[in-house]
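Geometric and topological summary
Given next are the chains, with one letter for each unit.
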Amino acid sequence: MLMFNPIVQDRLRKTMGYFSGACMATGGFTMMLRNSRLAYMNPWAMLALSVGSMVGTQLVSYENNWALKNMLFTGFVGTMSLSMVPLVHMYAMPVIYDALLATGVTVGSLGFVAYNAPSEQFLNWGGPLALGLGGMLGVSLLSMVYPNSPALYNIYLYGGLALFSAFLLYDTQHVMMRAKTDQRYDPINQSLHIYMDAINLFVRFV
């Protein structure tokens, strides 16, 4: 296992703390909101709230506006939780639990691999991953036009699993690199990347 100086270790602990807290809060909020009318909010309004709170979280300074940043981060996690509510209604709880288990094993094992990799080799994947994300966005748009296409569905499902697994490797090493090199480190912004990877993996496992 790699050894870091105490400052880097503290930064990584805070980042993983925010990530773990966001995952637990997502589960808790989803269960609390499963019978709420908010779950039937206009999807465009939910998207606007989600994107707005995410952008706001990233723009606010962690050092100068700690309370506001945490409020925005909590709001973003809340909107993501609302987007998870339809899954609870569509699938039986054993399916949700199995997806949670699969997500936890995947995130834990891939994070362990990236953390203990002998070099920062996964950081070289940024360009290909950006292209893959653009392709996945195109597949999502095509799926709206051709909703019953098995080929598009398989690309969205299995391509998404592969893509976000690769993103998890990349983002884990990116967090480590930023923790070692940034003069001012923001654990909330860094945890957002890994959190979104985990959410995307969970949705596809479900």
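Residues numbered from 1 in each chain as written. Predicted model: local features only at pLDDT ≥ 70, side-chain atom pairs only at ≥ 80, totals over all residues. Heavy atoms only, no water.

**What to know about the pattern of salt bridges**
Definition in use: Criterion for a salt bridge: a side-chain nitrogen of Lys or Arg within 4 Å of a carboxyl oxygen of Asp or Glu. In DSSP terms, a helix is any run of H or I states spanning at least four residues, a strand is any run of E spanning at least two, and both are numbered starting from the N terminus.
Evaluated as defined, the whole model comprises four salt bridges. Residues Asp10 and Lys14 are paired through a salt bridge, measuring 3.5 Å at the closest nitrogen-oxygen approach. Note that Asp10 and Lys14 are positioned in helix α1 (residues 6-33) at a spacing of four residues, about one turn of the helix. Note that Arg178 and Asp182 form a salt bridge whose closest N and O atoms lie 2.7 Å from each other.

**A short note on the environment of Arg204**
Selection rule: Using a 1.4 Å probe on the protein chains alone, a residue whose accessible area is under 20% of its type maximum counts as buried, one over 50% counts as exposed, and one in between counts as partly exposed.
As for its position among the elements, Arg204 is in helix α7 (residues 187-205). Judged by its relative accessible area of 7%, Arg204 falls in the buried class. Sequence separation of Arg204 and Phe164 is 40 residues, and the distance between their C-alpha atoms is 9.9 Å.

**A look at the packing of helix α4 (residues 93-116) against α7**
Helix packing for two helices is described by the angle between their axes and how far apart those axes are. The line we're drawing: In this analysis an axis means a line fitted to C-alpha atoms, helices contributing only their contacting stretch, and an angle means the value between N-to-C directions, from 0 to 180 degrees. Note on angle classes: values under 35 degrees are labelled roughly parallel, values over 145 roughly antiparallel, values of 65 to 115 roughly perpendicular, and the remainder oblique. For a crossing to be left-handed, the near helix must be turned anticlockwise from the far one by less than a right angle; the clockwise case is right-handed. Only heavy atoms matter for contacts: two residues are in contact if any of them lie within 4.5 Å across the pair. Three classes are used: nonpolar for Ala, Val, Leu, Ile, Met, Phe, Trp, Tyr, Cys and Pro, charged for Asp, Glu, Lys and Arg, and polar for all others, with Gly counted as polar.
The N-to-C vectors of α4 and α7 enclose an angle of 140°; their axes lie 9 Å apart at closest approach. With respect to α7, the axis of α4 lies oblique. The two elements α4 and α7 cross, and the hand of that crossing is right-handed. Where α4 approaches α7, its residues Ile96, Ala99, Leu100, Ala102, Thr103, Thr106 and Val107 are matched on the opposing element by Ala198, Leu201, Phe202 and Phe205. A per-class count over the contact of α4 with α7 returns nine nonpolar, two polar and no charged.

**What about the nonpolar core?**
As a reminder, the rule being used: Here, the term nonpolar core denotes a set of buried Ala, Val, Leu, Ile, Met, Phe, Trp, Tyr and Cys residues that are joined through side-chain atoms within 4.5 Å.
Among the nonpolar cores identified, the biggest contains 43 residues, and Leu12, Phe73, Tyr195 and Phe202 are the most heavily contacted of them. With eleven residues, helix α6 (residues 150-181) is the largest single contributor of residues to this core. Sequence-distant contacts of Leu12, defined by excluding residues within four places in its chain, comprise Phe4, Tyr115, Val175, Met176 and Ala179.

**A look at a nonpolar patch on the surface**
Filter applied, for reference: Patch membership requires over 30% relative accessible area and the absence of a salt bridge. Like charges are linked within 9 Å, and nonpolar side chains (Val, Leu, Ile, Met, Phe, Trp, Tyr) within 5 Å. Areas reported here follow the Shrake-Rupley algorithm with a probe of radius 1.4 Å; residue values treat only the protein chains shown as occluding.
On the surface, a nonpolar cluster with roughly 660 Å² of combined accessible area is contributed by Leu137, Leu141, Leu142, Met144, Val145 and Tyr146. Within the fold, Tyr146 resides in the loop between α5 (126-145) and α6.

**Considering the packing of α1 against α7**
In the contact formed by α1 and α7, the axes pass within 8 Å of each other and the chain directions differ by 45°. For the element pair α1 / α7, the angle class is oblique. Crossing hand, α1 versus α7: right-handed. Side by side, α1 and α7 meet where Lys14, Thr15, Met16, Tyr18, Phe19, Ala22, Cys23 and Thr26 of the first sit next to Pro187, Ile188, Gln190, Ser191, Ile194, Tyr195, Ala198 and Ile199 of the second. Across the contact of α1 with α7, the residue classes tally to eleven nonpolar, four polar and one charged.

**Overview of the layout of surface pockets**
Note the cut-off: For cavity detection a 1 Å grid was placed over the protein atoms alone, and a set of points counts as a cavity when a 1.4 Å probe fits there but cannot get out; an open set counts as a pocket when protein lies on both sides within 12 Å along at least five of seven lines, with lining residues being those that have an atom within 4 Å of a point. Grid points are joined across faces, edges and corners, and a volume is the space filled by probe spheres set on the points.
Its volume calculated, the largest pocket comes out at about 1600 Å³. Forming the boundary of the largest pocket are 39 residues, of which Ser83, Ser140, Tyr156, Asn200 and Val203 lie nearest the centre. Those elements that place two or more of their residues in the lining of the largest pocket are α2 (43-59), α3 (66-90), α5, α6 and α7. Looking at the lining of the largest pocket residue by residue, the classes come out as 30 nonpolar, eight polar and one charged. Taken as a whole, the second largest pocket encloses approximately 390 Å³ of empty space. Taken together, the elements giving at least two residues each to the lining of the second largest pocket come down to α1, α3, α4 and α7. At seven residues, α4 tops the list of elements feeding residues into the lining of the second largest pocket. In terms of residue class, the lining of the second largest pocket is built from 13 nonpolar, five polar and no charged.

**Remarks on the side chain of Gln190**
Inspection of the secondary structure puts Gln190 in helix α7. Exposure remark for Gln190: the relative accessible area of 4% places this residue in the buried category. Here Gln190 is in contact with Thr15, His174, Val175, Arg178 and Tyr185, once residues within four sequence places are set aside.

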